[in-house]
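So the chains spell out like this:
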Amino acid sequence: MNLPGGGRAPQPTSAAPIPIHEKLSELWSIFRMRLADLSRPASVEGVLADADEYEAALRQYSGRGLAGATAFEIGFGARPLRLFALAASGVDVTGSDLDVPLIRCSPREFAAMLRRNGLERAIKSALRFAIFDVKERRELKKLLRARGREMKIETRRLIVGDAAELSIPEQSLDFIYSEDVFEHIPVDALRVLTAKMAGWLKPSGLALIRPNIFPGIVGGHLAEWFPQVVNDRSRRRRSQPWEHLRHHRFRPNTYLNELSRASYRELFAPNFEILEERVKDPELGREYLTLEVAEELKQWPHEELFSNQTLFILRPRQA
Ligand SMILES: C[S@@+](CC[C@H](N)C(=O)[O-])C[C@H]1O[C@@H](n2cnc3c(N)ncnc32)[C@H](O)[C@@H]1O
């Protein structure tokens, strides 16, 4: 197997040991981006677009929709909006994340978060809660209501823990989904997790796993190259396109396993049949691949450079 090794134990991914000035610069860029997002509901609409995509994929490959399905989310993140939207759509969904989410921002919740996630994540979450989360939830509630659905915030659906260490009954799930998470999990843990996932799914079940592929232009996870700002050519940046493959001068504020799209295929193959691979935006970054940059990146196939967020639709192999 051609997968890079990765013996690290899973640990919170939202804070990496990088120099303090780089950390502050990354956090400031992300804050500005989130502020800009506030004025357009696109990020919340994206949550519903994902739910619609899951519905269509389930119908296409398993002949059933979301309503009444049992599901599990790997890495629901600091804002479990996708999970709340699916629950409102009649899915019996639970999920896990390494980090404690801040749902009500009560002192007890904050203390638990401080203990488990550390000071950096706790401060970030409290600020985010006050400035962004409340508004986003209100927005999602409104959009769901327009579809005749009621959003409920149910903390019982949220498990704090490493997905690779969970015990879930065999063949109990209709689908498992995950967005922007697998690239943060060390390869050894991913091998354990993918084998477990295949066991948790019913024979007709599906895994819908969308990692952010490392060789893509956003795969280095530098805030300057987040998907929502890639096309902004007027933006002043310290780093170059595909900095993480060419110059390696800056590190993101997160752990990355650096898997390519080909490596994900190898990772999934022992336990899953890959039914489809869908790239979210296959043109993302095309304008930055000048002749000079292409020459520097010639060992990378275009398929890798233009993968970014790629949805793998997976069916468990029958024993
Ligand atoms: C970039 S965030 C994505 C969050 C969310 N899926 C979203 O789309 O907003 C990655 C999340 O994966 C979580 N994570 C990383 N490794 C994990 C693991 N082994 N088990 C559960 N969650 C994990 C992190 O704590 C983090 O919240």
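Note: the structure precedes this text.
None of the values given here were measured: they were computed from a predicted structure.

**Q** Hey, could you run me through helix α4 (residues 107-146) in this one?
**A** Owing to its 3.6 residues per turn, the α-helix brings residues three or four apart onto one side. With 40 residues, α4 extends only 33 Å from end C-alpha to end C-alpha; this falls clearly short of the ideal 58 Å at 1.5 Å per step. At G118, α4 shows its maximal bend, which comes to roughly 130 degrees. Backbone geometry just downstream of α4 places G148 in the positive-phi region, at approximately 80 degrees.

**Q** So what exactly am I meant to see when it comes to the site of the ligand here?
**A** Contacts to the ligand come from 18 residues, most closely from G75, D97, D162, A163 and E179. Within the complex, the protein chains bury 85% of what would otherwise be the 600 Å² of accessible surface of the ligand. Residues belonging to the shell around the ligand are distributed by class as follows: 5 nonpolar, 6 polar and 7 charged.

**Q** Sorry, what's going on with the nonpolar core here?
**A** Considering soluble globular proteins, one finds that nonpolar side chains tend to be buried as a cluster. In this structure, L86, V93, L140, F175, Y177 and L208 are the most contacted members of the largest nonpolar core, which totals 32 residues. Going through the elements one at a time, α2 (42-62), α3 (81-88), α4, β4 (173-179), β5 (201-210) and β7 (310-316) are the ones with two or more residues in this core. No other element matches the 8 residues that α2 contributes to this core. Beyond its immediate stretch of four places on either side in the chain, V93 contacts A71, F72, L83, L86, A87, R157 and Y177.

**Q** Looking at this structure, I do not really get the pairing of strand β1 (residues 70-74). What am I missing?
**A** Regular strands show a simple pattern: their side chains alternate between the two faces of the sheet. Of all 5 residues making up β1, 4 are buried, and the element is well covered by its neighbours. Examined bridge by bridge, β1 and strand β2 (residues 92-97) share 5 bridges and lie parallel to one another. When the sheet's bridge partners are listed, T70 is paired in β2 with D92. This β-α-β element, β1 to α3 to β2, shows right-handed connectivity. Of the strand pairs in this sheet, β1 and β4 are connected by 3 bridges, and their pairing is parallel. Bridging across to β4, A71 finds its partner in F175.

**Q** Is there a simple way to think about the sheet that holds β5 in this case?
**A** Each strand in a sheet pairs with another by means of backbone hydrogen bonds, the pair being arranged parallel or else antiparallel. If you walk across this open sheet you meet the 7 strands as β3-β2-β1-β4-β5-β7-β6, and the pairing is mixed. With one partner strand each, in any of the chains shown, β3 (158-160) and β6 (272-279) form the two edges of the open sheet. Between one strand axis and the next, the sheet turns through 15 degrees on average, direction left out of account. Where β6 lies against β7, 7 bridges are found, and the strand directions are antiparallel. From the neighbouring strand, I274 faces β7, where its bridge partner is L314.

**Q** Can you help me understand the side chain of E179 in this one?
**A** Within the fold, E179 resides in strand β4. Look at E179 and you get buried, because its relative accessible area is 6%. Within polar-contact distance, the side chain of E179 engages the side chain of R210 at 2.7 Å. Residue contacts for E179: discarding those within four places in its chain leaves D50, Y54, R82 and R210.

Calculation rules
Residues numbered from 1 in each chain as written. Predicted model: local features only at pLDDT ≥ 70, side-chain atom pairs only at ≥ 80, totals over all residues. Heavy atoms only, no water. Helix = DSSP H or I, 4+ residues; strand = E, 2+ residues; numbered from the N terminus. Expected span 1.5 Å × (residues − 1). Bend = angle between axes of the 7 residues up to and from the residue. Near = heavy atom within 4 Å. Areas by Shrake-Rupley, 256 points an atom, 1.4 Å probe, with all protein chains shown as cover. Nonpolar A, V, L, I, M, F, W, Y, C, P; charged D, E, K, R; others polar. Core = buried A, V, L, I, M, F, W, Y, C linked by side-chain atoms within 4.5 Å. Buried < 20%, exposed > 50% of the residue type's maximum accessible area, 1.4 Å probe, protein only. Contact = heavy atoms within 4.5 Å. Pairing = 2+ DSSP bridges. Right-handed = clockwise from strand over helix to strand, strands pointing away. Axes fitted to C-alpha atoms, helices over the stretch in contact; angles between N-to-C directions. Polar contact = N/O pair within 3.5 Å; in protein donor to acceptor, adjacent residues only side chain to side chain.

These values are about where atoms sit, not about what they do.
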